[in-house]
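The lines below spell out each chain.
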Amino acid sequence: MQPRIVPMLMALGLFLPAVIPVRAADPEIDRLLQAPVGKDWVTNGGNMTNQRYSTLKQIDTTNVKQLKGAWMTRLKGSGLGGKYSLEATPLVKDGIMYMVTGNDDVFALNAKTGEILWEHWSQIGQTISTVCCGWLNRGLAMGEGRLFLGQLDANMVALDIKTGKEVWRTPVEDWHNGYGITNAPLYYDGIVYSGITGGEFGIRGRLTALDAKTGKILWRAYTLPAAGEPGGDSWPAGTDHYNRGGASVWNTPALDPELGLVYFAVGNCGPDYDGSMREGDNLFCASVLAVNAKTGAYAWHFQEVHHDIWDYDAASPVVLFDTVINGQPRKGIAQAGRTGWVYILDRANGKPLIGIEERPVPQEPRQKTAKTQPYPIGDAIVPQCAEPMPAAGYEKAGCIFEAFWEEPVLIQPSGIGGTNWSPMSYNPETGSFYVPGTIRTSAFGRVPSQYSVGVRYTNGTQAAPIDSPMGGTFTAIGGNTNKIVWQHKTPYRLGGGGGSTTTASGLVFRGEPDGNFLALNAKNGEELWRFQTGFGADAPPAVYEVDGEEYVAIATGGNSVHGTPNGDAVWVFSLKGQLGPLWPPPPPQRVAGPAGAIADGVNTVKIGDNNVEYAYWPGRTKVKAGTTVTFTNVGDIPHTATAFQKGDWDTGVLEKGQSKTVTFDKPGSYYYICAPHPWMYGQVIVE
């Protein structure tokens, strides 16, 4: 069967802006955005293709082992704490670096020395309760003498690039309604493009275009179409479920000025794990979407997962590339999904460049499951089948697209597996994508609830079984074959942060959650260099040049979802560097479940204490039978303590400051999770 792709609406004149010359608002930045990346790194993905490919060649496979730290700068404690992640790529222009932290604070630094030139403190409220997956900001955009950033409170802000002073501020939405912004925006030709978060809060996703000079909203391209719009018939007729169907835009768009199209990946449907009320394919959830760059008018889409009930976001940035397939030059676009596949399409029309087959999948009528799902021809980067764990109480397990209802079912990849937010890179010299991945099995189950504005609305959960392994992969995928060229199995998850950057000199740079920063041979994957940064290296690198010297930069501050070592540092490396490595931090977990020492006799558990939002304190406690344990949420966002694998107790949702008690009468080991954040684990041992 052919994949379900809606034709382009040529009759609407979608490509008119591409053929009518328009005076560029910032011709220099527009030129750099369209050119191969050289001495400057002016947007999140390097240029508008999101390839993360640098043409610099001073550092190469023969001398990369000589790299040392040129400088390391701490960002004054910004984003320093366990609730934060540091995932942004620094921008560099004319010898000045611009960096944003997980607290939406922005710093300008001398790119040659690391000296802080100015700083802008966001003053963002610390009680935002609708943050999904850690406090973070994935980066900045620049143009017209300004820096542009989206904030967790759903404001888009422009700063003067010379001083850091605020120029304008536009509320794109209200965070109280479940919205936020974590993506790095894209600037081009006077327009700033930004996505929105909130897929776990029953929002209506969209891409928003703003005037770079004034901050005025020009248009919104909704990722959930209403009745009568393209794709509107994929939602139940006569309902308004599309209004709360999720479909976030997590990451930076790409843009092809010749075609006049802007492209972006779209996240999961809402509620995440419950499709019972939203029969249909539910466009444009879990899709790649193309719209007119000037008007936002729909052009085409490709849906990676029909009627998503597995939280299989398309969250990693799309990548534009040119290739040759069957002897013919083709204009491609690729996206790495949580399913574990890379989807390779024609960026003019959304049709597969390499075959994608619709295949029958397991059915659960109560979930209104889609009869078929798209299977790309080629190789997956992670395993796609789970094994039963009867000793842990899991008799049923399945492969990708296995159906489930209210009885837990083990499925792999999990919705936190495959490639999540981490960007892949593309090297036109090797013709390969470099794709980070996470290996993780989850127990999926539906738990019904009612929608309420600004309240988490997932109707289920997915948590990895206690003591189940969690690891990763880093894979080179051929751009004209979709097959593995080489692959590394890694002891830690790579798909949820980090990412990679590649160079014309045959290198791939990537960080690891244990603090190491690596250089690999792009052709064969051979490790050529390793450096311990001292903090979780969970951000994508940038490559730039100042005064004829090439530098490689990476922000190191950890990832709150993966529990990697927190920090506030930017490391920069060069062949003339003199700084050596730091001591390695504590490594992140490699198996699921609670961690830390057992607290003897402690009957109070605090959630989100010590500025670590996604953790129980203590994570493990031992009490006598008959003890009443008090769970108190001292964090900023709602949490639960919900029995996992054994028992039927649940604190219910605890808002900040709320408590609930549970009495444990019988000896045993009682594991629990936070249902909205299923990577949080705790344990009560009753004697």
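Anyway, here's the lowdown on the structure attached to this text. Only a predicted model underlies this, so the values are computations on that prediction, with no experimental measurement involved.

What to know about the layout of surface pockets
Next up, step 1: Estimates place the volume of the largest pocket at around 1000 Å³.
Next up, step 2: In this structure, the largest pocket is lined by 47 residues; those nearest its centre are Val447, Gly460, Thr461, Thr642 and Ala675.
Next up, step 3: Counting only elements with at least two residues in the lining of the largest pocket, the list comes to β28 (442–446), β29 (460–463) and β44 (642–643).
Next up, step 4: Tallying contributions element by element places β28 first for the lining of the largest pocket, with 4 residues.
Next up, step 5: Classifying every residue of the lining of the largest pocket by side-chain character gives 20 nonpolar, 17 polar and 10 charged.
Next up, step 6: Lining the second largest pocket are 33 residues, and of these Gly563, Gln589, Val612, Tyr614 and Ala615 lie nearest its centre.
Next up, step 7: Counting residues per element, the ones that place at least two in the lining of the second largest pocket are β41 (616–617) and β47 (677–686).
Next up, step 8: Classifying every residue of the lining of the second largest pocket by side-chain character gives 20 nonpolar, 11 polar and 2 charged.

Brief notes about the nonpolar core
Next up, step 1: Counting 81 residues, the largest nonpolar core has Met97, Leu147, Tyr193 and Tyr544 as its most contacted members.
Next up, step 2: Setting aside chain neighbours within four positions, we find Leu147 in contact with Tyr98, Val106, Trp118, Leu140, Ala141, Met142, Val157, Ala158, Leu159 and Ile161.
Next up, step 3: Listed in part, the 35 residues of the second largest apolar core include Leu152, Val561, Phe631 and Trp649.

Some remarks on empty space enclosed by the protein
To find leftover empty space, one rolls a probe the size of a water molecule over the atoms.
Next up, step 1: For the coordinates displayed, the defined rule picks out 7 cavities of 30 Å³ or more.
Next up, step 2: Its volume calculated, the largest cavity comes out at about 160 Å³.
Next up, step 3: Lining the largest cavity are 20 residues, with Cys133, Tyr273, Asp311, Arg456 and Trp679 positioned closest to its centre.
Next up, step 4: Contributions of two or more residues to the lining of the largest cavity are made by β29 and β47.
Next up, step 5: Partitioning the lining of the largest cavity into residue classes produces 10 nonpolar, 5 polar and 5 charged.

Some words on the state of the cysteines
Here is the idea: a disulfide is a covalent bond, and it sits between the sulfur atoms of two cysteines.
Next up, step 1: Tallied over the full model, the rule gives 3 disulfides.
Next up, step 2: The disulfide bridge from Cys132 ends at Cys133, spanning 1.9 Å between sulfur atoms. Judged on exposure class, the residue Cys132 and its partner Cys133 are both buried.
Next up, step 3: Take the cysteines of the protein that form disulfides and number them in order along the sequence; they join up as 1-2, 3-4, 5-6.

Points about the sheet that holds strand β4 (residues 96–100)
Next up, step 1: Overall, antiparallel pairing links the 4 strands, which are arranged β3-β4-β5-β6 in an open sheet. Across the chains shown, the open sheet's two edge strands, defined by having one partner strand only, are β3 (91–93) and β6 (116–120). Strand-to-strand twist across the sheet, computed as the mean angle between neighbouring axes with direction ignored, equals 20°.
Next up, step 2: The sheet contact formed by β4 and strand β5 (residues 106–110) spans 5 bridges and is antiparallel. Bridging across to β5, Val100 finds its partner in Val106.

Some words on helix α2 (residues 27–34)
Next up, step 1: Of the positions making up α2, those classed as buried are Ile29, Asp30, Leu32 and Leu33. The buried residues of α2 all sit within an arc of 160° when viewed along its axis, so they share a single face.
Next up, step 2: Where α2 is buried, its residues meet β3, β7 (141–143) and β11 (186–188).

Observations concerning the packing of aromatic side chains
Next up, step 1: In total, this model carries 41 aromatic pairs according to the counting rule given.
Next up, step 2: Aromatic pair Tyr263 and Trp300: ring centres 5.9 Å apart, planes at 50°, arrangement tilted. With Tyr263 in strand β16 (residues 261–265) and Trp300 in strand β18 (residues 298–303), this pair connects stretches of sequence that are 37 residues apart.
Next up, step 3: Trp300 sits in the buried class, given a relative accessible area of 0%.
Next up, step 4: Centroid distance Tyr375 to Phe401: 5.6 Å. Interplanar angle 65°. Geometry classified as edge-to-face. With Tyr375 in strand β23 (residues 372–376) and Phe401 in the loop between β24 (397–398) and β25 (409–411), this residue pair connects regions lying 26 residues apart in the sequence.
Next up, step 5: Given the relative accessible area of 14%, Tyr375 is considered buried.
Next up, step 6: Members of the aromatic cluster, connected to one another through ring pairs, are Phe509, Phe517, Trp529, Phe531, Trp571 and Phe573.
Next up, step 7: Over the face of the ring belonging to Trp135 we find Lys83, whose NZ or CZ atom lies 3.9 Å from the ring centre.

Topic: the sheet that holds strand β30 (residues 471–478)
Next up, step 1: Taken together, 4 strands build an open sheet; the order of strands is β26-β27-β30-β31 and the sheet is antiparallel. Edge strands, defined here as strands with exactly one partner in the open sheet, are β26 (425–427) and β31 (484–490). Taken over all neighbouring pairs, the strand axes of this sheet differ in orientation by 20° on average, direction set aside.
Next up, step 2: Bridge count for β26 against strand β27 (residues 432–439) is 3 bridges, and the pairing is antiparallel. In the strand pairing of β27, Asn427 is matched with Ser432.

Section: the pattern of salt bridges
Next up, step 1: For the structure on display, the rule yields 31 salt bridges.
Next up, step 2: A salt bridge links Arg138 to Glu87, with the shortest nitrogen-to-oxygen separation between them at 3.1 Å. Pair noted here: Arg138 is in the loop between β6 and β7 and Glu87 is in the loop between β2 (68–74) and β3, with a separation of 51 residues, a long-range link.
Next up, step 3: For Arg138, a relative accessible area of 4% puts it in the buried group.
Next up, step 4: Glu687 is the salt-bridge partner of Lys624, the closest N and O atoms lying 3.6 Å from each other. Taken together, the residues span a long stretch of sequence, with Lys624 in the loop between β42 (620–623) and β43 (627–633) and Glu687 in the segment after β47 at a distance of 63 residues.

A short note on the side chain of Asp26
Next up, step 1: Of note, Asp26 is situated in the loop between α1 (16–19) and α2.
Next up, step 2: Notably, Asp26 is buried but unbridged: the nearest opposite-charge side chain belongs to Lys93, and the N-O separation is 7.5 Å.
Next up, step 3: Side-chain polar atoms of Asp26 contact the backbone nitrogen of Ile29, separated by 3.2 Å.
Next up, step 4: Asp26 has contacts with Gly143, Glu144, Gly145 and Tyr187, leaving out every residue within four places of it along the chain.

Structural notes on the environment of Arg446
Next up, step 1: Note on placement: Arg446 falls in strand β28.
Next up, step 2: Arg446 gets classed as buried once you look at its relative accessible area, which sits at 12%.
Next up, step 3: In this structure, the C-alpha to C-alpha distance between Arg446 and Tyr273, residues 173 residues apart in sequence, is 5.9 Å.
Next up, step 4: Ignoring anything within four residues of it in the chain, the contact list for Arg446 reads Tyr273, Asp274, Ser276, Gln367, Phe404, Trp405, Glu406, Asn459 and Gly460.
Next up, step 5: A distance of 2.5 Å separates the side chain of Arg446 from the side chain of Glu406, its partner in a polar contact.

Criteria and thresholds
- Residues numbered from 1 in each chain as written.
- Predicted model: local features only at pLDDT ≥ 70, side-chain atom pairs only at ≥ 80, totals over all residues.
- Heavy atoms only, no water.
- 1 Å grid on protein atoms, 1.4 Å probe; cavity = no way out; pocket = protein on both sides within 12 Å on 5 of 7 lines; lining within 4 Å.
- Points joined across faces, edges and corners; volume = space filled by probe spheres on them.
- Helix = DSSP H or I, 4+ residues; strand = E, 2+ residues; numbered from the N terminus.
- Nonpolar A, V, L, I, M, F, W, Y, C, P; charged D, E, K, R; others polar.
- Core = buried A, V, L, I, M, F, W, Y, C linked by side-chain atoms within 4.5 Å.
- Buried < 20%, exposed > 50% of the residue type's maximum accessible area, 1.4 Å probe, protein only.
- Contact = heavy atoms within 4.5 Å.
- Disulfide = S-S within 2.5 Å.
- Pairing = 2+ DSSP bridges.
- Axes fitted to C-alpha atoms, helices over the stretch in contact; angles between N-to-C directions.
- Arc of directions from axis to C-beta.
- Phe/Tyr/Trp six-rings, centres within 6.5 Å; stacked < 30°, edge-to-face > 60°.
- Lys NZ or Arg CZ within 6 Å of the ring centre and 35° of its normal.
- Salt bridge = Lys/Arg side-chain N within 4 Å of Asp/Glu carboxyl O.
- Lys, Arg positive; Asp, Glu negative; His and termini not counted.
- Polar contact = N/O pair within 3.5 Å; in protein donor to acceptor, adjacent residues only side chain to side chain.

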